[in-house]
Amino acid sequence: MPDWLTKDFHWKAFSLLMAVGIWLTVSRPSGTAAAQGANRVQQPYVNVPVVPLSTDANVHSVQIYPQTVTVTVSGPADSMNHLQRSEIHASINLSGFSSAENLTRDVEVALPPGATVVDVDPPQVTVTIPKP
């Protein structure tokens, strides 16, 4: 065997065992994460209005179809019990558009900390921005 492999073999074997032990410790899912998953609740919120946002266009005359979406939210049971519809904000980004017809945009949802978006139905809306 080559000298680089056999020299200090005990230390190399010990280092390999330590590396495997650390990898097993880090890669194993923790019990607290699994326990938190059991306490998560999903709840749909129907008719959440979609708000147009833009840095360079007047969004008052923008037409959005559909105007509302259904947002399914997941979170810890105690947070979900206190979550209000007014804390769920669905928007579309229209920055960079001065006029458009039948433009398809993704719906973006902002939620309070601890809540996560599971689903948005529909995920996209059609937008018409009239010419100025």
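These figures come from a predicted structure and were not determined experimentally.

### Some details on a nonpolar patch on the surface
Consideration 1: Taken together, L16, V20, W23 and L24 make up a surface patch of nonpolar side chains, about 430 Å² in accessible area.
Consideration 2: Structurally, the position occupied by V20 is in helix 2 (residues 9–27).

### Description of the pairing of strand 3 (residues 68–76)
Consideration 1: In this structure, strand 1 (residues 40–53) lies alongside strand 3, joined through 8 bridges in antiparallel fashion. Paired with Q43 across the bridge in strand 3 is V73.
Consideration 2: Pairing between strand 3 and strand 7 (residues 116–121): 5 bridges, direction antiparallel. Within the sheet, the bridge partner assigned to V71 lies in strand 7 and is V120.

### Quick word on the nonpolar core
Consideration 1: Ranked by internal contacts, the top residues of the largest apolar core, which has 22 residues, are V69, V73, I92, V125 and V127.
Consideration 2: Sorting the residues of this core by element identifies strand 1, strand 3, strand 4 (89–93), strand 5 (100–106) and strand 8 (124–129) as the ones contributing at least two each.
Consideration 3: Ignoring any residue separated from it by four or fewer positions in sequence, one finds V125 in contact with V50, I64, Y65, P66, V69, I92, L103, T104, R105 and V107.

### A word on unusual backbone geometry
Consideration 1: Geometrically, the link from Y65 to P66 is a cis peptide bond, its omega value of -10° lying close to zero.
Consideration 2: Structurally, the position occupied by P66 is in the loop between strand 2 (63–65) and strand 3.
Consideration 3: The backbone of D8 shows a phi angle near 55°, a positive value even though the residue is not glycine.
Consideration 4: Mapped onto the elements of the fold, D8 is located in the loop between helix 1 (3–6) and helix 2.
Consideration 5: Positive phi, close to 55°, is recorded for N102, a residue that is not glycine.

Conventions and cut-offs
Residues numbered from 1 in each chain as written. Predicted model: local features only at pLDDT ≥ 70, side-chain atom pairs only at ≥ 80, totals over all residues. Heavy atoms only, no water. Patch = residues over 30% accessible without salt bridge, like charges linked within 9 Å, V, L, I, M, F, W, Y side chains within 5 Å. Areas by Shrake-Rupley, 256 points an atom, 1.4 Å probe, with all protein chains shown as cover. Salt bridge = Lys/Arg side-chain N within 4 Å of Asp/Glu carboxyl O. Helix = DSSP H or I, 4+ residues; strand = E, 2+ residues; numbered from the N terminus. Pairing = 2+ DSSP bridges. Core = buried A, V, L, I, M, F, W, Y, C linked by side-chain atoms within 4.5 Å. Buried < 20%, exposed > 50% of the residue type's maximum accessible area, 1.4 Å probe, protein only. Contact = heavy atoms within 4.5 Å.

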